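Remarks on the overall topology
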Amino acid sequence: MKSKVIKAGLVGVIMSLSLTAQALPMSQVVFAKGSYCGSYTGDLSKGRVFKIWLGANQELVINTDGHVQSVRDSKGRRLADHGDYDYRYYIRSKGEHRITMVGSGFSTAEFCAY
């Protein structure tokens, strides 16, 4: 009986986490014509997902006062951060990538693709 209560509680926690992830606001990263970079300024305290279209063999560099929680490629794979003072990701597959970020209130972020 005790294991059923634990399993039910665990299922409830997992479901609430998945609902929270789905409820994050989403923004498209847009590059100005002729620019390699796009930016965001706003509230990141509740988290935000950024969508960005990238080509294969590019490098994504993110400068922010917030925190990048994850970057997922167009196939849903989590990419490793290779940056020291910024966030750097090597892009292997073209398509829409998703960046999940959080900050302490008002934050800025610059997304550059080279």
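Provided above is the structure to which this section pertains.
None of the values given here were measured: they were computed from a predicted structure.

Now for the overall build of the protein chain. Each helix and strand in the protein chain was counted, giving one helix and eight strands. Burial status across the protein chain gives 35% buried among its 114 residues. Long-range pairs, those at least 24 residues apart, make up 69% of the contacts in the protein chain between residues at least 6 apart in sequence. Approximately 7500 Å² of the protein chain is accessible, and the part contributed by carbon and sulfur atoms is 56%.

All right, on to the nonpolar core then. Among the nonpolar cores identified, the biggest contains 19 residues, and Leu60, Ile62, Tyr89, Ile99 and Phe111 are the most heavily contacted of them. Elements with a contribution of two residues or more to this core: strand E3 (48-54), strand E4 (59-64), strand E5 (67-72), strand E6 (87-90), strand E7 (95-102) and strand E8 (106-113). With residues near it in sequence (within four places) discarded, Tyr89 still touches Gln58, Glu59, Leu60, Ile62, Val68, Val71, Leu79, Ala80 and Asp81.

With that settled, the discussion passes to the state of the cysteines. For the structure on display, the rule yields one disulfide. Between the sulfur atoms of Cys37 and its disulfide mate Cys112 the distance is 2.0 Å. Taking the torsion about the sulfur-sulfur bond, which here is approximately 110°, the covalent link between Cys37 and Cys112 counts as right-handed. Here the residue Cys37 occupies a position in strand E2 (residues 37-43), and Cys112 occupies one in strand E8, the gap between them amounting to 75 residues. For Cys112, a relative accessible area of 3% translates into the label buried.

All right, on to the pairing of E3 then. A large share of E3 lies buried, amounting to five of its seven residues. Judged from the three bridges that link them, strand E1 (residues 26-28) and E3 form a sheet pairing that is parallel. When the sheet's bridge partners are listed, Gln28 is paired in E3 with Lys51. As paired elements, E3 and E7 share seven bridges and run antiparallel to each other. Looking across to E7, one finds that Leu54 is bridged to Gly95.

Before going further, it helps to spend a moment on the environment of Tyr40. Considering the arrangement of structural elements, one finds Tyr40 in strand E2. Put simply, Tyr40 and Phe111 are 71 residues apart on the chain and 8.4 Å apart in space, counted from C-alpha to C-alpha. Filtering out sequence-adjacent residues up to four positions away, Tyr40 remains in contact with Ser27, Arg48, Phe50, Ser107, Thr108, Ala109 and Phe111. Within the structure, Tyr40 has its side chain in polar contact with the side chain of Arg48 (distance 3.1 Å).

Cut-offs and rules
- Residues numbered from 1 in each chain as written.
- Predicted model: local features only at pLDDT ≥ 70, side-chain atom pairs only at ≥ 80, totals over all residues.
- Heavy atoms only, no water.
- Helix = DSSP H or I, 4+ residues; strand = E, 2+ residues; numbered from the N terminus.
- Buried < 20%, exposed > 50% of the residue type's maximum accessible area, 1.4 Å probe, protein only.
- Contact = heavy atoms within 4.5 Å.
- Areas by Shrake-Rupley, 256 points an atom, 1.4 Å probe, with all protein chains shown as cover.
- Core = buried A, V, L, I, M, F, W, Y, C linked by side-chain atoms within 4.5 Å.
- Disulfide = S-S within 2.5 Å.
- Pairing = 2+ DSSP bridges.
- Polar contact = N/O pair within 3.5 Å; in protein donor to acceptor, adjacent residues only side chain to side chain.

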